[in-house]
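# Observations on chain architecture
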Amino acid sequence: MDAFRIDGKRALVTGANTGIGQAIAVGLAERGAHVIAAGRRACDETVETIKAAGGSAETLLVDLSDPHAGVAALESCGPLDILVNNAGIIRREDSVQHSELDWDEVMNVNLKAVFLLCQAFGKQAIARGEGGRIVNIASLLSFQGGIRVPGYTASKHGVAGLTKIFANEWAPQGITVNAVAPGYIATNNTEALRADEDRSRQILERIPAGRWGEPEDIAGAVCFLASPAAKYVTGAVLNVDGGWLAR
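Okay, so let's go over this structure. Since this is a predicted model, take the numbers as computed values, not measurements. (Residues numbered from 1 in each chain as written. Predicted model: local features only at pLDDT ≥ 70, side-chain atom pairs only at ≥ 80, totals over all residues. Heavy atoms only, no water.)

### Digging into the pattern of salt bridges
This structure, assessed with the given rule, holds eleven salt bridges. Residue Arg31 is joined to Glu30 by a salt bridge in which the shortest nitrogen-to-oxygen separation is 3.8 Å. In this structure Arg31 comes out as partly exposed when scored by relative accessible area, which is 27%. For Glu30, a relative accessible area of 52% gives the class exposed. With a closest N to O distance of 3.1 Å, Asp217 and Arg211 form a salt bridge. (Salt bridge = Lys/Arg side-chain N within 4 Å of Asp/Glu carboxyl O. Buried < 20%, exposed > 50% of the residue type's maximum accessible area, 1.4 Å probe, protein only.)

Written out as structure tokens, the structure is:
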């Protein structure tokens, strides 16, 4: 048996339209899972990519700006074995100007929706008695403060904390809960940074690997944590950052 395969498992991935979420969905499908690709917009490209490669997937519309909508969406999926909380938003503004509205919007998507989805998945998995895998997408700003993103930083610190408390409570039920903390990845969220020559140069000088990460770099870590190979790994926040935090 290949401990890295997840054949026959059912996985829900939020924010699976593009970038990291899309790569995660494709990676899980490549390893044998049926993937439910969830997003504010239909994840047709993701599903088509999976099916073209011989995998199994479907799309699910859900807007996590209403965190409770995520719970309803999860409950509509039927039994799930894997939950990947990838959806997230960011608002960039000096802390003295960061509005309460921006704070609330970031917290709703990045933290409250994660809490409610994990809670709903946990209830379902405990009732089934078959265990499960949760992988949350954290951030380097789960460890650091960052600049001009107070809401995002607070939310990602919160994701790390939720990951640990759920891991503590649900390990006896065979549910592992881990997080992956991406470094600087080439996605839509970092387009402005990459377009700023000075800022991009400063970032690359700090990364020992000498390059921006790719969404597939994150997908590989998530697929490992979702597989039987990681059955004794829980409560971990795995930084996938090209060595950024080691510098």
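### Side note on the pairing of strand S2 (residues 34-39)
Of all six residues that make up S2, six are buried, and the element is covered over most of its length. Side-chain alternation along S2 places His34, Ile36 and Ala38 on one buried face and Val35, Ala37 and Gly39 on a second face that is also buried. Taken together, the five bridges between strand S1 (residues 10-14) and S2 define a ladder with parallel strand orientation. Within S2, the residue paired with Thr14 across the bridge is Ala38. For the segment spanning S1, helix H1 (residues 19-30) and S2, crossover handedness is right-handed. Pairing geometry for S2 and strand S3 (residues 56-61), over six bridges, is parallel. (Helix = DSSP H or I, 4+ residues; strand = E, 2+ residues; numbered from the N terminus. Pairing = 2+ DSSP bridges. Right-handed = clockwise from strand over helix to strand, strands pointing away.)

### Some points on the sheet that holds S2
As a general point, the strands of a sheet are linked pairwise by backbone hydrogen bonds and lie either parallel or antiparallel. Strands sit in the order S3-S2-S1-S4-S5-S6-S7 across an open sheet of seven strands; the sheet is parallel. A single partner strand is all that each edge strand has here, and the edge strands are S3 and strand S7 (237-240). This sheet shows a mean twist of 20° between the axes of neighbouring strands, independent of strand direction. Here helix H2 (residues 44-52) sits on the sheet and contacts S2 and S3; the angle it forms with S3, its principal contact strand, is near 175°. (Axes fitted to C-alpha atoms, helices over the stretch in contact; angles between N-to-C directions. Contact = heavy atoms within 4.5 Å.)

### As for empty space enclosed by the protein
Counted according to the given criterion, the structure contains one cavity of 30 Å³ or more. Space inside the largest cavity adds up to approximately 30 Å³. Together, Leu12, Thr14, Ala38, Leu60, Val62, Leu64, Gly70, Ala73, Leu74 and Leu117 line the largest cavity. Elements that contribute at least two residues to the lining of the largest cavity include exactly S1 and helix H3 (67-75). Considering each element in turn, the lining of the largest cavity owes the most residues, three residues, to H3. Tallied by class, the residues present in the lining of the largest cavity amount to eight nonpolar, two polar and no charged. (1 Å grid on protein atoms, 1.4 Å probe; cavity = no way out; pocket = protein on both sides within 12 Å on 5 of 7 lines; lining within 4 Å. Points joined across faces, edges and corners; volume = space filled by probe spheres on them. Nonpolar A, V, L, I, M, F, W, Y, C, P; charged D, E, K, R; others polar.)

### Notes on the nonpolar core
If you look at the biggest cluster of nonpolar residues, it comprises 33 residues, and the most contacted ones within it are Ile24, Leu28, Val35, Val84, Val180, Ile218 and Val222. Counting residues per element, the ones that place at least two in this core are S1, H1, S2, H2, strand S4 (82-85), strand S5 (132-137) and helix H8 (215-225). At seven residues, H1 tops the list of elements feeding residues into this core. Setting aside residues no more than four positions away along its own chain, Val35 makes contact with Ala11, Val13, Ala25, Leu28, Ala29, Ile50, Ser56, Ala57 and Glu58. The next biggest cluster of nonpolar side chains, apart from the first, holds 29 residues, and it includes Leu74, Ala113, Cys118 and Phe166. (Core = buried A, V, L, I, M, F, W, Y, C linked by side-chain atoms within 4.5 Å.)

### Things to note about the packing of H1 against H8
Their axes nearest at 8 Å, the elements H1 and H8 cross at an angle of 45°. In terms of orientation, H1 and H8 fall into the oblique class. The hand of the H1/H8 crossing is right-handed. Contacts from Gly19, Ile20, Ala23, Ile24, Gly27 and Leu28 of H1 reach H8 at Pro215, Glu216, Ile218, Ala219, Val222 and Cys223. Per-class residue counts for the contact of H1 with H8 are nine nonpolar, two polar and one charged. (Parallel < 35°, antiparallel > 145°, perpendicular 65-115°, else oblique. Left-handed = near helix turned anticlockwise from the far one by under 90°.)

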